[in-house]
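Close look at the chain arrangement
Here is how the chains run, residue by residue.
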Amino acid sequence: MKITTWNINSVRLRMPLVVHFLKTNAPDVICLQETKCRDAEFPSSDLRALGYEHLAVNGQKGYHGVAIASKLPVRLLDKQDFCDAGHARHVAVEIDAGGAPLSLHNFYVPAGGDEPDETVNPKFAHKLGFLDEMTEWIKRERIAAGRSVLVGDLNIAPLEHDVWSHKALLKVVSHTPIEVEKLNKMFEAGEWIDSMRRFVPPQEKLYTWWSYRASDWAASDRGRRLDHVLVSQALGGALAGLQVAREARGWERPSDHVPVTVELSL
DNA sequence: ATGGTGGCCCAGCCA
C-alpha cells in the first residue's frame with residue numbers, strides 16, 4: 001500500500017500536476033494539504049475519474065484545507081479543529097487495508113508567521129498551542145494505538161539535517177528549539193516512528209520543501225523537511241519504501257512542497 | 001541585513 005502526502009498550495013490551480021503524479025506513481029491514497037477551496041469546489045470528479053473514488057474533504061475558502069483521496073474504501077473518522085480557530089487543518093479516515101482497518105490522519109499544522117516569539121506573534125502562539133492540543137489528543141484518544149498513520153505538512157523540520165543549515169535556521173520559524181521540542185513531544189505521545197528517517201539516515205540531508213523566494217531553488221538547494229509520515233509501532237514492521245519526488249519542485253508552476261510517498265507491506 | 005515569490009482573488013493577508 002502506497003500513501004502519498006503533498007502540500008499542493010491550491011488544488012484547483014495544480015490539478016494537472018496532481019493528475020500527472022497519480023498517473024505516474026499510482027499511490028493507493030493521496031493526502032493533500034493547502035487545497036484552498038470549499039468542499040463544493042474540490043475537484044472530486046477528476047479524482048474519481050482516475051480511480052480515487054473514495055474522498056474525505058475538509059476545505060475552506062481561500063486558506064488551508066485538507067483532503068484524502070483513496071482507491072480503497074474509506075470511512076470518515078474525524079475532522080478536528082484544534083484551538084477552535086475555525087481552520088480546516090485535519091481530516092481522518094479509516095481504510096480497509098489488507099483485511100484489517102488502518103486509521104489515517106492528514107494534518108496541516110499552522111506555519112507560525114515570521115517572528116518566533118509567542119508573546120508578540122499570535123500566529124506562532126497558535127502553532128505552539130496547536131501542537132500542545134494535538135499531543136494531548138493523541139494521548140487521550142490513543143490515536144497511535146493499533147494500525148495508525150499520521151501524515152502531512154507539520155511545518156517543522158526537527159533534525160539538524162532536515163534543513164540546509166542548522167545554525168542559520170535556529171531562529172527561523174520551522175526549526176526553532178521550542179518548535180522541535182513540541183514536535184518531539186507529539187512524536188513521543190504516540191510513540192510514532194519517523195518513517196522517512198527509517199529509509200534516509202539522520203546524518204543525510206532530506207528536504208520536502210524549497211522556498212519560492214530563490215532565484216534557483218535546485219542550485220542553492222536551501223530546503224527543509226516540513227512534510228512527514230509517521231506510523232504507529234504496529235506498522236513499523238510493514239515499512240517497505242520511501243519516495244520523495246524532488247523532481248516535482250521543477251515542474252511548471254510547482255507547489256513549493258513535493259510529494260512524499262511511503263510504502264507499507266500489509 | 002535585506003528582500004526575494006506565489007496563493008487567495010484585486011486588498012491585503014498568508015505562506
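Per an unreviewed UniProt entry, chain A carries the name Exodeoxyribonuclease III and comes from Methylocystis heyeri. If you open the UniProt record of chain A and go to Sequence similarities (unreviewed entry), you find "Belongs to the DNA repair enzymes AP/ExoA family."

**What about the sheet that holds strand β1 (residues 2-7)?**
In spatial order, the strands read β3-β4-β2-β1-β14-β13; together these 6 strands make up an open sheet with mixed pairing. With partners counted over all chains shown, the strands left at the sheet margins are β3 (54-58) and β13 (239-244), one partner each. Strand-to-strand, the axes of this sheet are offset by a mean angle of 10°, without reference to chain direction. In this structure, β1 lies alongside strand β2 (residues 29-33), joined through 5 bridges in parallel fashion. In the strand pairing of β2, Asn 7 is matched with Gln 33. Most of the contacts of helix α1 (residues 15-25) go to β1, to which it runs at about 160°, and overall it touches β1, β2 and β14 (260-264).

**A short note on the UniProt feature "site: Important for catalytic activity" (unreviewed entry) in chain A**
UniProt tags Asp 227 as "site: Important for catalytic activity" (unreviewed entry). In contact with Asp 227, not counting residues within four places along its chain, are Asn 7, Gln 33, Gly 152, Asp 153, Met 196, Thr 208, His 257 and Val 260. Side chain to side chain, Asp 227 and Thr 208 meet in a polar contact 2.6 Å long.

**Here's the deal with the protein's contact with DNA strand B**
Around DNA strand B there are 17 residues in total, and Ser 10, Arg 14, Tyr 212, Arg 213 and Arg 253 lie nearest to it. Protein-proximal atoms of DNA strand B, defined as those within 4 Å of the protein, fall in sugar or phosphate at a share of 63%. Within the side chain of Lys 123, one N or O atom sits 3.3 Å away from a phosphate oxygen of DNA strand B. Residues that form the surface near DNA strand B fall into these classes: 5 nonpolar, 4 polar and 8 charged.

**Remarks on unusual backbone geometry**
Negative phi characterises most residues that are not glycine, and trans characterises most peptide bonds. Backbone geometry at Asn 155 places phi at a positive 55°, although glycine is not the residue there. Take Asn 155: it is sitting in the loop between β8 (148-153) and α4 (166-169). Overall, Asn 155 belongs to the buried group, its relative accessible area being 8%.

**A short note on the UniProt feature "domain: Endonuclease/exonuclease/phosphatase" (unreviewed entry) in chain A**
On the UniProt side, "domain: Endonuclease/exonuclease/phosphatase" (unreviewed entry) is annotated at positions that read residues 5-257 here. Secondary structure content for residues 5-257 is 25% helix and 25% strand, while the C-alpha to C-alpha distance between its ends is 10 Å.

**Points about the packing of helix α3 (residues 122-140) against helix α5 (residues 177-190)**
Packing of α3 against α5 leaves a shortest axis separation of 8 Å and a crossing angle of 15°. Taken together, the axes of α3 and α5 lie roughly parallel to each other. Handedness of the crossing formed by α3 with α5: left-handed. Contacts between α3 and α5 involve Phe 124, Lys 127, Leu 128, Leu 131, Asp 132, Met 134, Thr 135, Ile 138 and Lys 139 on the former and, on the latter, Ile 178, Glu 179, Lys 182, Leu 183, Lys 185, Met 186, Ala 189 and Gly 190.

**Quick notes on the sheet that holds strand β9 (residues 193-194)**
In space, the 6 strands of this open sheet follow the order β5-β6-β7-β8-β12-β9, with mixed pairing throughout. The outermost strands of the open sheet, each flanked by one partner alone, are β5 (74-78) and β9. Pairing geometry for β5 and strand β6 (residues 90-97), over 4 bridges, is antiparallel. Across the sheet, residue Asp 78 finds its bridge partner in β6, namely Ala 92. Across the sheet, α3 touches β5, β6, β7 (100-108) and β8, and the angle it forms with β7 is around 165°.

Analysis parameters
- Residues numbered from 1 in each chain as written.
- Chains lettered and ligands numbered in written order.
- Predicted model: local features only at pLDDT ≥ 70, side-chain atom pairs only at ≥ 80, totals over all residues.
- Heavy atoms only, no water.
- UniProt positions renumbered as here; feature names shortened; annotations may be inferred.
- Pairing = 2+ DSSP bridges.
- Helix = DSSP H or I, 4+ residues; strand = E, 2+ residues; numbered from the N terminus.
- Axes fitted to C-alpha atoms, helices over the stretch in contact; angles between N-to-C directions.
- Contact = heavy atoms within 4.5 Å.
- Polar contact = N/O pair within 3.5 Å; in protein donor to acceptor, adjacent residues only side chain to side chain.
- Near = heavy atom within 4 Å.
- Nonpolar A, V, L, I, M, F, W, Y, C, P; charged D, E, K, R; others polar.
- Buried < 20%, exposed > 50% of the residue type's maximum accessible area, 1.4 Å probe, protein only.
- Parallel < 35°, antiparallel > 145°, perpendicular 65-115°, else oblique.
- Left-handed = near helix turned anticlockwise from the far one by under 90°.

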